[in-house]
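Spelled out from the first residue to the last, the chains are:
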Amino acid sequence: MKTTTVSIALLFCGLICKAQTLKIGWGETVMISKSTPTLQVVGNPMLRPQGAMREGALNALKNLGADYVRYVPWFPYPKLAVAELKAPEKTTSWDFSLIDPMTIDFLEATKGHPVIINFSTIPQWMFKTNQPVTYPDDPNQVGWGYGGGTQLRDTTMKELTGYYVRLISWYTKGGFTDELGKYHKSGYHYQIPYWEVLNEPDLEHNMSPQTYTKIYDAMVTAIRGVLPRAKFVGMALAYVKPGWFEYFLNPANHKPGIPIDVISYHCYANANSRQKFDAYEYSVFDKAESFVNAVNYIENIRKHLAPNTKTDINELGTFVSDEMRNHPITPAYWNLSASVYAYFFIELSKAGIDIIGESQLVGFPTQFPDVSMINYQNNKPNARYWVLKLIKDNFTPGSKMVKTFLDDNNGDDILAQAFVTQGVKKVLLLNKRNRAINVKLPADFKGAKVSTIDMKSGDNEAAVATINGEETEMKAFAVKVITLGN
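Let me begin by describing the structure that accompanies this report.

1. What about the overall build of the chain?
Each helix and strand in the chain was counted, giving eleven helices and 19 strands. Compactness check: the chain gives a C-alpha radius of gyration of 24 Å against a globular reference of 23 Å for 486 residues, within 12% of the reference. By its C-alpha atoms, the chain is 85 × 45 × 40 Å across when sized along the principal axes. The buried share of the chain, taken over its 486 residues, is 58%. Contacts in the chain between residues at least 24 apart in sequence constitute 75% of all its contacts with a sequence separation of at least 6. When the accessible surface of the chain is totalled, it reaches about 20800 Å², and 51% of it is carbon and sulfur. Placing the 50 positive and 47 negative side-chain charges of the chain at their respective mean positions leaves the two points 3 Å apart.

2. Here's the deal with the sheet that holds strand S8 (residues 231-237)
On the basis of which strands lie adjacent, the closed barrel formed by eight strands has the order S2-S3-S4-S7-S8-S9-S10-S11 and parallel pairing. Looking at each pair of strands side by side, their axes are set apart by 25° on average, direction ignored. Pairing between strand S2 (residues 36-43) and strand S11 (residues 355-359): five bridges, direction parallel. By the bridge assignment, Leu-39 is partnered in S11 with Glu-358. Its contacts with the sheet place helix H4 (residues 100-109) against S2, strand S3 (69-73) and strand S4 (115-117), and it is angled at close to 175° to S3.

3. Here's the deal with the nonpolar core
Formed by 133 residues in total, the largest nonpolar core has its most connected members in Trp-195 and Phe-344. Take this core: its biggest share by element is 13 residues, from helix H10 (residues 332-350). If you look at the next biggest cluster of nonpolar residues, it comprises 22 residues, including Trp-26, Leu-406, Ala-448 and Ile-482.

4. Re the packing of aromatic side chains
Counted by the stated rule, this structure contains 42 aromatic pairs. Between Phe-119 and Trp-195 the ring centres are 6.3 Å apart and the planes differ by 5°, which places this aromatic pair in the stacked class. Note that Phe-119 is positioned in the loop between S4 and helix H5 (158-172) and Trp-195 in strand S7 (residues 194-196), a separation of 76 residues in sequence. No difference in accessibility class separates Phe-119 from Trp-195, as the two residues are buried. Ring centres 5.8 Å apart and planes at 45° place the aromatic pair Tyr-212 and Phe-248 in the tilted group. Here the residue Tyr-212 occupies a position in helix H6 (residues 209-223), and Phe-248 occupies one in helix H7 (residues 242-248), the gap between them amounting to 36 residues. In this structure, Tyr-212 and Phe-248 share a single accessibility class: buried. Just above the ring of Phe-319 sits the side chain of Arg-325; from NZ or CZ to the centre is 4.8 Å.

5. Focus on the sheet that holds strand S18 (residues 471-474)
A sheet is described by the order of its strands in space; here nine strands give the open sequence S17-S16-S19-S14-S13-S12-S1-S15-S18, paired in mixed fashion. Each of the sheet's edge strands pairs with one partner strand only, and the pair in question is strand S17 (463-466) and S18. Taking each pair of neighbouring strands and ignoring which way they run, the sheet shows an average axis angle of 25°.

6. A few points about empty space enclosed by the protein
If you roll a probe as big as a water molecule over the atoms, it shows you where there is empty space left. In this structure the tally under the stated criterion is seven cavities of 30 Å³ or more. What lines the largest cavity is simply Val-41, Leu-47, Leu-58, Tyr-71, Met-102, Asp-105 and Phe-106. If one sorts the elements of the lining of the largest cavity by residue count, H4 sits on top with three residues. If you add up the space inside the second largest cavity, you get close to 50 Å³. Ser-120, Ile-122, Leu-198, Asn-199, Pro-201, Glu-204, His-205 and Met-207 together form the lining of the second largest cavity. Split by residue class, the lining of the second largest cavity holds four nonpolar, three polar and one charged.

7. Here we look at the side chain of Glu-196
Here Glu-196 shows up in strand S7. Side-chain polar atoms of Glu-196 contact the side chain of Arg-70, separated by 2.6 Å. Separated by 2.9 Å, the side chains of Glu-196 and Asn-118 make a polar contact. What Glu-196 contacts, discounting residues up to four positions off in sequence, is Arg-70, Ile-116, Ile-117, Asn-118, Val-233, Ala-236, Ser-264 and Asn-314.

8. As for H10
Over its 19 residues, H10 runs 28 Å from end to end, which matches the ideal 27 Å to within 8%, given 1.5 Å per residue. Counting buried positions over the 19 residues of H10 gives 18, a clear majority of the element. Count one or two residues on from H10 and you reach Gly-352, which has phi positive near 80°.

9. Here we look at H5
Helix length check: H5 (15 residues) gives 20 Å between terminal C-alpha atoms against 21 Å at 1.5 Å per residue, within 8%. Within H5, twelve of the 15 residues are buried, which leaves it mostly tucked inside the rest of the structure. Contacts from the buried residues of H5 go to helix H3 (78-81), H4, strand S5 (175-177), strand S6 (183-185), S7 and H6. Gly-174 sits one or two positions beyond H5 and adopts a positive phi of about 85°.

10. Considerations on the environment of Glu-315
Mapped onto the secondary structure, Glu-315 falls in strand S10 (residues 310-319). Distance in space between the C-alpha atoms of Glu-315 and Ala-230 is 22 Å, their sequence separation being 85 residues. Beyond its immediate chain neighbours, meaning those up to four positions away, Glu-315 contacts Gln-40, Arg-70, Asn-199, Glu-200, Tyr-265, His-266, Cys-267, Tyr-268, Gly-357 and Ser-359. At a separation of 2.7 Å, a polar atom in the side chain of Glu-315 contacts the side chain of Arg-70.

11. Comments concerning the pairing of strand S9 (residues 262-270)
Burial within S9 is extensive, with seven of its nine residues counted as buried. Sheet analysis places S8 next to S9, joined by four bridges and oriented parallel. Residue pairing across strands places Gly-234 opposite Ile-263, the latter belonging to S9. One crossover worth recording links S8 to the parallel S9 by way of H7, and it is right-handed.

Conventions and cut-offs
- Residues numbered from 1 in each chain as written.
- Predicted model: local features only at pLDDT ≥ 70, side-chain atom pairs only at ≥ 80, totals over all residues.
- Heavy atoms only, no water.
- Helix = DSSP H or I, 4+ residues; strand = E, 2+ residues; numbered from the N terminus.
- Rg over C-alpha atoms; globule rule 2.2 N^0.38 Å.
- Buried < 20%, exposed > 50% of the residue type's maximum accessible area, 1.4 Å probe, protein only.
- Contact = heavy atoms within 4.5 Å.
- Areas by Shrake-Rupley, 256 points an atom, 1.4 Å probe, with all protein chains shown as cover.
- Lys, Arg positive; Asp, Glu negative; His and termini not counted.
- Charge placed at Lys NZ, Arg CZ, Asp CG, Glu CD.
- Pairing = 2+ DSSP bridges.
- Axes fitted to C-alpha atoms, helices over the stretch in contact; angles between N-to-C directions.
- Core = buried A, V, L, I, M, F, W, Y, C linked by side-chain atoms within 4.5 Å.
- Phe/Tyr/Trp six-rings, centres within 6.5 Å; stacked < 30°, edge-to-face > 60°.
- Lys NZ or Arg CZ within 6 Å of the ring centre and 35° of its normal.
- 1 Å grid on protein atoms, 1.4 Å probe; cavity = no way out; pocket = protein on both sides within 12 Å on 5 of 7 lines; lining within 4 Å.
- Points joined across faces, edges and corners; volume = space filled by probe spheres on them.
- Nonpolar A, V, L, I, M, F, W, Y, C, P; charged D, E, K, R; others polar.
- Polar contact = N/O pair within 3.5 Å; in protein donor to acceptor, adjacent residues only side chain to side chain.
- Expected span 1.5 Å × (residues − 1).
- Right-handed = clockwise from strand over helix to strand, strands pointing away.

Everything listed here is a matter of geometry and, on its own, says nothing about what the molecule does.
This is the structure:
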């Protein structure tokens, strides 16, 4: 029995451990990439002036130098996201003192790059509710109930649009006049090239596509008076819902002259409830693949209804199981999640997606720790950040994507895509599995530079080496970029 068991094990290993053979047709261009890799920054207490993760996060953001970074002050922290927390009566409650520090930090760290701003939280008092909705006095305390209400109290939406026009004027026009005629001076004159209208309206306030489209049109009409050259991002959906795309992308459902510049939506490839980490690699990659299939379907809708509209998938990440969130996350998870982003970048580039945004710069225990790109234990960028930077530094819009395939690719464990970027031949490879797999390389790869992010590199930038042999080892969840000479 022992002999038989060993023989079967050796046979099994012979079948699945055989090196994958990489083959590339450098002269066979499949398509020209138009994809920009980037990320989102969600406002939270760790980014406040005394926040423990602020310095490391801002340095990482500035050093990344990405375009189209999305900035979202979000409703769980009302005092950090809403500039007018009480309805104007005898006085107004406009107060930017807690919001400005994080926002100005972001605008300064991304200076010189186009950004997408989304103050997604509508003041709660603008909604009809049975009783006033309270919020924590402590700005660092989470208030999940603040996002309640489904119907605006002012159906003309002048109250809503007036709030956003004043908020935008604070950052772009040096100040604004409030509802009672008092001028509030900021002195800020920042540029906002892209404004995204609300966040996950299919969840927050439970909007229908019809309601959201009316709000979008009203907001765009009003904001254009302050930002005449801005482009607008619509939907920011939590889930892929074809009915939303079919309605919103149809110009007939908008007021005349309303632009549909960019649409956006999200995906988090999550582990299943009570699932052990050993099985994560299968569930998250399966869900990532399902999402890519859905994206291709949505792209067909977009091309039919609004072919000039761009797509920004601006929240891409992975989630651990609910049980693991309450425990220290195993270090290997960060490399798995980083590999998933590399997978998204390849597959969404093939789908023609314009902006591919990783979520998010800062998370921490109790506030989505599993999507953080900064290690909340040592304040250093983790593997998720370093993979984004590796991709951003090597693959630019306009790169040629050439024919690439792996021979003997049992189970599709390795994914590879070759690019020609500004005349330089490069290959992005990732390992989906929690085990090492060798990849046999073409003969002309000898002497090429290889940059690797894996568990050995940890919270450090990619390790750089030279290809000397016929193969390269892809350790568990490794991501590599191989760069050949011209």
